[in-house]
Every structure is written in structure tokens, then in C-alpha cells.
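# A structural walkthrough
One-letter residues, chain by chain:
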Amino acid sequence: MTPCPAREAHRVLAAAAAAAHIGVEGLAAAMAAAAWGVKAPKGVERALRRAVEAARTAGAEGAGTVPARPLVPSRERTQEALGRFRGCRAWLWADPADAGARRAMDDATYTLCVLMGRPTAHEALRAAELRLADGAHHAPRGMDGTGLAV
């Protein structure tokens, strides 16, 4: 979900598996099943989210060690997830009763939250928008002070 060296990815997966009290293979199986729409056990999702957040947070290695470099999603992956989120949101707005639109929106929201390491859709959307900003210190035209499109 976030580009990183294999060693770092294995460390994150091992931490998530340990927190969920399952093996790395079990975690991988749950993640693969989730890609096909099978809901992962709540403890697995939570453990993975926390492990990714810890890897993204500077100093996650603990006191007295060299801080880990935070994991940051690539611009391309961020654009892809944000585009998918916006497309699903438009689909859901067009037909709120469509169960497929609701499932797609839930999936896109979850993906964006995990990718950006944020617990809520609003925070993940804001983080993605800021990640893709041109680096200007002011909000681009058509955006409010939070960096969200209005």
C-alpha cells in the first residue's frame, strides 16, 4: 500500500501480525482475501493500521535510537487512491441506494485512510490533498484554507 524497501515492509507486517496474535502468513492471507472483498477480522485491520502508522511516524523505533524515516506514499499512488475515492463519491452521490456504490465507497475510503495513515476519511482526504499540493505556502485557487477543494 505504501512503497518502501522489502526489509521495512517485512518489519511492518511482522509488527502487525504480532499485534493481531497471528503469524505473518495469516496476516498476508487476510490481506489477500481483503483485496477480493472478504472482510478481514477487525483485530487484523486495526493491527495493520497501527503498524503502518508507527512506521510512518518519525521516532517509531523507540527512544534512544535513530528515528525511522517516515513512510510516505508516492505521488502516483496518492493520486490513484484520491481519484478512486472521488469517483466512488460521485457514484454514491448519483445513486445513494446502490449497494455496490456504498461498498466501493467504503473500500476507497479504507484504502485512502490506510495509505495516508489517518483514522478518518476527512483526515485522509486532507492529507492526500496536502501531499499532492505544489508545495506552495498558500491554498491554490478553488481551495479553502484547509487545502480541501470547495
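None of the values given here were measured: they were computed from a predicted structure. (Residues numbered from 1 in each chain as written. Predicted model: local features only at pLDDT ≥ 70, side-chain atom pairs only at ≥ 80, totals over all residues. Heavy atoms only, no water.)

### Some thoughts on the confidence of the model for the protein chain
Mean pLDDT over the protein chain: 77, with 77% of residues reaching 70 or higher. For the protein chain, helix 3 (residues 42-56) is the element with the lowest average pLDDT, namely 80, and helix 4 (residues 75-94) is the one with the highest, namely 94. Below pLDDT 50 for its whole length, residues 58-67 participates in 10 contacts with residues either more than four positions away or in separate chains. Within the model, pLDDT remains below 50 along residues 135-150, and this stretch shows 15 contacts once partners closer than five positions in the same chain are excluded. (pLDDT = per-residue confidence, 0-100. Helix = DSSP H or I, 4+ residues; strand = E, 2+ residues; numbered from the N terminus. Contact = heavy atoms within 4.5 Å.)

### Here's the deal with the environment of Glu25
By secondary structure assignment, the location of Glu25 is in helix 2 (residues 24-35). On the basis of relative accessible area, Glu25 is assigned to the exposed category, the value being 64%. Glu25 sits 11 residues away from Ala14 along the chain, and the two C-alpha atoms are 9.6 Å apart. (Buried < 20%, exposed > 50% of the residue type's maximum accessible area, 1.4 Å probe, protein only.)

### Looking at the pattern of salt bridges
Applying the stated criterion across every chain, the model contains 4 salt bridges. With its nearest N and O atoms 3.4 Å apart, the salt bridge here joins Lys39 to Glu45. Judged by its relative accessible area of 13%, Glu45 falls in the buried class. Of the charged contacts in the structure, one is a salt bridge between Glu129 and Arg86, with a shortest N-O distance of 2.0 Å. Taken as a pair, Glu129 in helix 6 (residues 121-132) and Arg86 in helix 4 lie far apart in primary sequence, 43 residues in all. Of the residues examined, Glu129 reaches a relative accessible area of 11% and is grouped as buried. (Salt bridge = Lys/Arg side-chain N within 4 Å of Asp/Glu carboxyl O.)

### Concerning a positive patch on the surface
Residues Lys42, Arg46, Arg49 and Arg50 make up a contiguous surface patch of positive charge. Mapping Arg50 onto the fold places it in helix 3. (Patch = residues over 30% accessible without salt bridge, like charges linked within 9 Å, V, L, I, M, F, W, Y side chains within 5 Å. Areas by Shrake-Rupley, 256 points an atom, 1.4 Å probe, with all protein chains shown as cover. Lys, Arg positive; Asp, Glu negative; His and termini not counted. Charge placed at Lys NZ, Arg CZ, Asp CG, Glu CD.)

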